[in-house]
Every structure is written in structure tokens, then in C-alpha cells.
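Residues per chain, in single letters:
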Amino acid sequence: LDLDGRIVHPDFTLLNPNERTVHYYEHFGMMDDPKYCDKALSKISNYVRCGYRLGREFLCTFESDNQPVDIKSLDLVLRNCFSTE
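Residues numbered from 1 in each chain as written. Predicted model: local features only at pLDDT ≥ 70, side-chain atom pairs only at ≥ 80, totals over all residues. Heavy atoms only, no water.

## With respect to the packing of aromatic side chains
Line of reasoning, step 1. Scanning the model with the defined rule gives five aromatic pairs in all.
Line of reasoning, step 2. Relative to Tyr 25, the ring of Phe 12 has its centre 5.4 Å away and its plane inclined at 20 degrees; by these criteria the two rings are stacked. You can see Phe 12 sitting in strand 3 (residues 12–16) and its partner Tyr 25 sitting in strand 4 (residues 21–28), a full 13 residues away along the chain.
Line of reasoning, step 3. Pairing Tyr 47 with Tyr 52 gives two aromatic rings, centres 5.9 Å apart and planes at 75 degrees, and the pair type is edge-to-face. The two residues Tyr 47 and Tyr 52 agree in class, both being buried.
Line of reasoning, step 4. In this structure an aromatic cluster arises from ring pairing among Tyr 24, Tyr 47, Tyr 52 and Phe 58. (Phe/Tyr/Trp six-rings, centres within 6.5 Å; stacked < 30°, edge-to-face > 60°. Helix = DSSP H or I, 4+ residues; strand = E, 2+ residues; numbered from the N terminus. Buried < 20%, exposed > 50% of the residue type's maximum accessible area, 1.4 Å probe, protein only.)

The following block contains the structure:
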């Protein structure tokens, strides 16, 4: 994916079959590592600057050693993204 001249490789590319729209999903899994966290925040900012709306075309989840990814929250994010409302 080209984000303003910078090539990134999203963790997942999802197609909403009802709307035929593409969504990019990133999982940031080492948020307790300061260098990783800085890069993650920069990547999120890059997506937003390029017009991808967080929670719509751009989805992300986070985790650290003490806070694993919450599957129920991920399920809600995906349901909201792919709802037909």
C-alpha cells in the first residue's frame, strides 16, 4: 500500500463484499516496547494523513505483555466496519 510515497504492508487487507470496499487492518502487538510504539503511532498517523478513517477503512488493534488483544473488541470493530447500516 502506498501511503504518500511510503510503501507499507498492512497485516491484513479485507474486502467488504456487500459494499466492495477495501479495509486495512493492522495489529500492533508490542506496545510496551517504546521504539515499536513510536513506529506504530507514526504508521497510524500516516494512514490518517492519507485519508484512511480509523474504524472505517483503517482498523487496528493493540496489545502489550500485560494487555493481550481483546477478541471481543476485535469482533465489535469488524462488525461495525462491515455493518450494512
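Read on for the rest.
## What about the sheet that holds strand 4?
Line of reasoning, step 1. Pairing in this open sheet of three strands is mixed, and the strands run 3-4-5 from one edge to the other. Each edge of the sheet is formed by a strand with only one pairing partner; in this case those strands are strand 3 and strand 5 (58–62). Strand-to-strand twist across the sheet, computed as the mean angle between neighbouring axes with direction ignored, equals 25 degrees.
Line of reasoning, step 2. Across the sheet, helix 1 (residues 34–49) lies against strand 4 and strand 5, angled at about 165 degrees from strand 4, the strand it touches most.
Line of reasoning, step 3. The sheet strands contacting helix 2 (residues 71–81) are strand 3, strand 4 and strand 5, and the helix crosses strand 5 at an angle near 175 degrees. (Pairing = 2+ DSSP bridges. Axes fitted to C-alpha atoms, helices over the stretch in contact; angles between N-to-C directions. Contact = heavy atoms within 4.5 Å.)

## Examining the environment of Gly 29
Line of reasoning, step 1. If you trace the backbone, Gly 29 turns up in the loop between strand 4 and helix 1.
Line of reasoning, step 2. Spatially, the C-alpha atoms of Gly 29 and Val 69 are 8.0 Å apart, while their sequence positions differ by 40 residues.
Line of reasoning, step 3. When near neighbours in sequence (up to four residues on either side) are disregarded, Gly 29 contacts Tyr 36 and Glu 63.

## Details of the nonpolar core
Within soluble globular proteins, side chains that are nonpolar tend to cluster in buried spots.
Line of reasoning, step 1. Core analysis: the biggest nonpolar cluster contains twelve residues, these being Leu 3, Val 8, Tyr 24, Phe 28, Met 31, Cys 37, Ala 40, Ile 44, Tyr 47, Tyr 52, Phe 58 and Cys 60.
Line of reasoning, step 2. Residue contacts for Phe 28: discarding those within four places in its chain leaves Tyr 36, Ala 40, Lys 43, Ile 44, Cys 60, Thr 61, Phe 62 and Glu 63. (Core = buried A, V, L, I, M, F, W, Y, C linked by side-chain atoms within 4.5 Å.)

## Brief notes about the side chain of Glu 57
Line of reasoning, step 1. Tracing the backbone shows Glu 57 in the loop between helix 1 and strand 5.
Line of reasoning, step 2. A distance of 2.7 Å separates a polar atom in the side chain of Glu 57 from a polar atom in the side chain of Arg 53.
Line of reasoning, step 3. Beyond its immediate stretch of four places on either side in the chain, Glu 57 contacts Val 22, His 23, Tyr 24, Gly 51 and Tyr 52. (Polar contact = N/O pair within 3.5 Å; in protein donor to acceptor, adjacent residues only side chain to side chain.)

## A look at the pairing of strand 5
Line of reasoning, step 1. When you tally the buried positions in strand 5, you get four out of five residues, the bulk of the element.
Line of reasoning, step 2. Inspection of the sheet shows strand 4 paired to strand 5 by five bridges, in the parallel sense. Each residue of the ladder has a partner; that of Glu 26, found in strand 5, is Cys 60.
Line of reasoning, step 3. Crossover connection from strand 4 via helix 1 to parallel strand 5: handedness right-handed. (Right-handed = clockwise from strand over helix to strand, strands pointing away.)

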